Every structure is written in structure tokens, then in C-alpha cells.
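Notes for the structure review
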Amino acid sequence: MYTYNWTKEDQKLQNKKLEEVIEIIKEKTRKQISTLAIFDLDGTLFDNRTRTIFILREISEQFDRELPELSEAMDKFHELSVVEYNPVGTLKRIGVRSEEEIAFIEKEWAKRFFSDEYQKFDFPMSGGKSYVTRVHEAGATVIYLTGRDVGRMLVGTTDCLRLYGFPVGIVGTMILVKEDVAVEDEIFKVEVVDYLKRLGSVVAVFENEPLNSNLLHKAFPEALSFLVMTQHRPDSPEAVSEIFKIKDFKIR
Ligand SMILES: [Mg+2]
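Bear in mind that the values here come from a model prediction, so they are computed numbers and not experimental data.

Here's the deal with the domain arrangement of the protein chain
Split by domain assignment, the protein chain resolves into domain 1 (8-48 + 122-246) and domain 2 (49-120). With centres defined by C-alpha atoms, the gap from domain 1 to domain 2 works out at 29 Å. Of the residues lining the interface, 15 residues belong to domain 1; the matching set on domain 2 comes to 11 residues. Of all the elements, helix H7 (residues 150-163) adds the most residues to the side of domain 1 that touches domain 2, at seven residues.

Now the structure itself:
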């Protein structure tokens, strides 16, 4: 998680840049140019720390006798900021030390986290639905570009987008997920670049991973690039300075 002091100036810039995207789309749509706006899901349109904490609570309740340390830790849980990028990091932080418990929990966590059923426990980012709807209504094709995979997560992804009111399954929308689980997220995102270039003019890219953000900015230098400051992988590079940092999607 980031710790930052979000100032009025930061918010003003967020408002300005988010509005700029809408204006560019409207302008190009008037000229009959096909525009694309790329939105990552995990950590961008959705904060999935809630999914992890829900899963840990479920595991703790189901296996309470086998997992005394988790049971004790969940008993004290009151603050979402304990959730780190990796489940193991989270477990260590909340006081689970037993290697045996950690290995068991990690396996159970992964079964649930990477599945259709648990995505509805994600927390939609503030202003996300409203902003994506505006982008869509302005005429852009909304591309949900996610490292989730077809086999385990496509149905839940669609379901969750629909549940929270995002435009999905209709003209001007597209979900792109990985066909093969084993492909690294950033490789997958680079692979789709050529395809997206043929589809239209990418006007905006929204990501939470600085690494992906840098790659996509390089691929689409003419697009406005945004980094949503939620969570990202440990040991990430810095996002290049042309990428705008936003807190969420709210225009205030
Ligand atoms: Mg992400």
C-alpha cells in the first residue's frame, strides 16, 4: 500500500486528466475514429484486499482447530491495511508464524482467490463504475485487460462487472483474459498490444502495476496513462514520470 498525503492539487489534476480522456474520446468519436480505453481489474477497478480477508476468515472458520494461529489472528482483525500483496506477507503480518499453517492456508487461499466464486468479494474502486460508464458513453470501446484466466475466472469476472454496474457484454466493451494460466501477466499484456493497435486508437490506460504501466505506456505513448495507487507487487520499478498517479476514479 502507498502512504501518501493526497492534496487538493493532486485531486485537481486527477479531475482534469480524467476529464481530458472523455474529451479526447468525444472528439475522436465525432470524427468516426475508433477509440479504446484499457482498464486493468485487480488493484485498478477493484481493490481485492477484501477478497483476501474474506477468504482468510472463511478458511479460519472452516479449519479453526487445525489453524490455531490464523484463528487467533482473525479474531483480532479490524483493519484492511494489514492485507499485503502476497498472502504469505499478510499472514506473517497478522502473526501467523507456523510454516505448516502458512503452507496449508496459502493453498486454500489460492484455490478460492483464483476462482469464479470469490470475485464478488472485491471492493469496487470509488467512482470506477461511473467513470467507465462515461468513457463508454463518450464512444470508446472499454477493454478490461486482466491477468485473470479463462478457465478459472472469466465467468466470475463477467458476473462481478455486471453485479457492480459496469458496462459489459454489450457493444463497445471487451474482456481480455489469459488463455493460459502459466503466462506471466506482463508478457500477456505485451502480447495483446499488436491486436489492440489494429482495433483502434488507444486513448487511455489504467493500471496499478508500475511494471505493466510502463510497458503499456511504451506501447501506446500517445495515450494518457494512469497508475491507480492501490497495491502493487513488491520490488516494482518506479512508474515513469509521464504516467499520472490517481487515487481512484472519482471526480470531486
Ligand atoms: Mg492489477
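Having put the structure on the table, let's press on.
Digging into the nonpolar core
By size, the foremost hydrophobic cluster in this structure holds 43 residues, and its most contacted members are Val21, Ala37, Ile38, Phe39, Val135 and Val203. Secondary structure elements with two or more residues in this core: helix H1 (8-30), strand S1 (35-39), helix H6 (128-138), strand S4 (141-149), H7, strand S6 (201-207), strand S7 (224-228) and strand S8 (244-246). Setting aside residues up to four positions removed in sequence, alanine 37 forms contacts with Val21, Val135, Ala140, Val142, Ile143, Val203 and Ala204. Core analysis: the second largest hydrophobic core is formed by 15 residues, Leu56, Leu91, Val96 and Tyr118 among them.

A word on the pairing of strand S5 (residues 173-178)
On any regular strand, side chains alternate: one points to one face of the sheet, the next to the other face. Where S4 meets S5, five bridges bridge the pair, whose relative direction is parallel. Along S5, the bridge assignment pairs leucine 145 with leucine 176. A crossover connection joins S4 to the parallel S5 through H7; in handedness this β-α-β unit is right-handed.

Here's the deal with the packing of helix H2 (residues 49-62) against helix H3 (residues 68-75)
Interaxial distance between H2 and H3 falls to 9 Å at its minimum, and their mutual angle equals 125°. By the angle between their directions, the pair H2 and H3 is classed as oblique. You can see that H2 and H3 cross each other, and the crossing is left-handed. The segment H2 lies against H3, with Leu56, Arg57, Ile59 and Ser60 engaging Leu70, Ser71 and Met74. Broken down by class, the residue content of the contact of H2 with H3 amounts to four nonpolar, two polar and one charged.

A word on the environment of proline 210
Inspection of the secondary structure assignment puts proline 210 in helix H10 (residues 210-219). Each C-alpha atom of the pair proline 210 and valine 183 lies 18 Å from the other, and the pair is 27 residues apart in sequence. Not counting chain neighbours up to four residues away, the residues in contact with proline 210 comprise Leu227, His232, Ser236, Pro237, Glu238 and Ala239.

A word on the sheet that holds S1
Pairing is parallel in the open sheet, where six strands are placed in the order S5-S4-S1-S6-S7-S8. Two strands in the sheet have a free side with no partner beyond their single neighbour: S5 and S8. Across the sheet, the axes of successive neighbouring strands diverge by a mean angle of 25°, strand direction being ignored. Sheet topology note: the S1/S4 ladder contains four bridges and is parallel.

A short note on H6
Of all the residues in H6, the buried ones are Gly128, Tyr131, Val132, Val135, His136 and Ala138. Buried residues along H6 cover an arc of 165° about the axis, so they all sit on one side. Where the residues of H6 are buried, they touch H1, S1, strand S3 (123-124), S4 and S5. A positive backbone phi angle near 120° is found at glycine 139, which sits one or two residues after H6.

Parameters at a glance
- Residues numbered from 1 in each chain as written.
- Predicted model: local features only at pLDDT ≥ 70, side-chain atom pairs only at ≥ 80, totals over all residues.
- Domains from an automatic or database assignment.
- Contact = placed C-beta atoms within 7 Å.
- Helix = DSSP H or I, 4+ residues; strand = E, 2+ residues; numbered from the N terminus.
- Core = buried A, V, L, I, M, F, W, Y, C linked by C-beta atoms within 7 Å.
- Buried ≥ 20, exposed ≤ 12 C-beta atoms within 10 Å, placed from the backbone.
- Pairing = 2+ DSSP bridges.
- Right-handed = clockwise from strand over helix to strand, strands pointing away.
- Axes fitted to C-alpha atoms, helices over the stretch in contact; angles between N-to-C directions.
- Parallel < 35°, antiparallel > 145°, perpendicular 65-115°, else oblique.
- Left-handed = near helix turned anticlockwise from the far one by under 90°.
- Nonpolar A, V, L, I, M, F, W, Y, C, P; charged D, E, K, R; others polar.
- Arc of directions from axis to C-beta.

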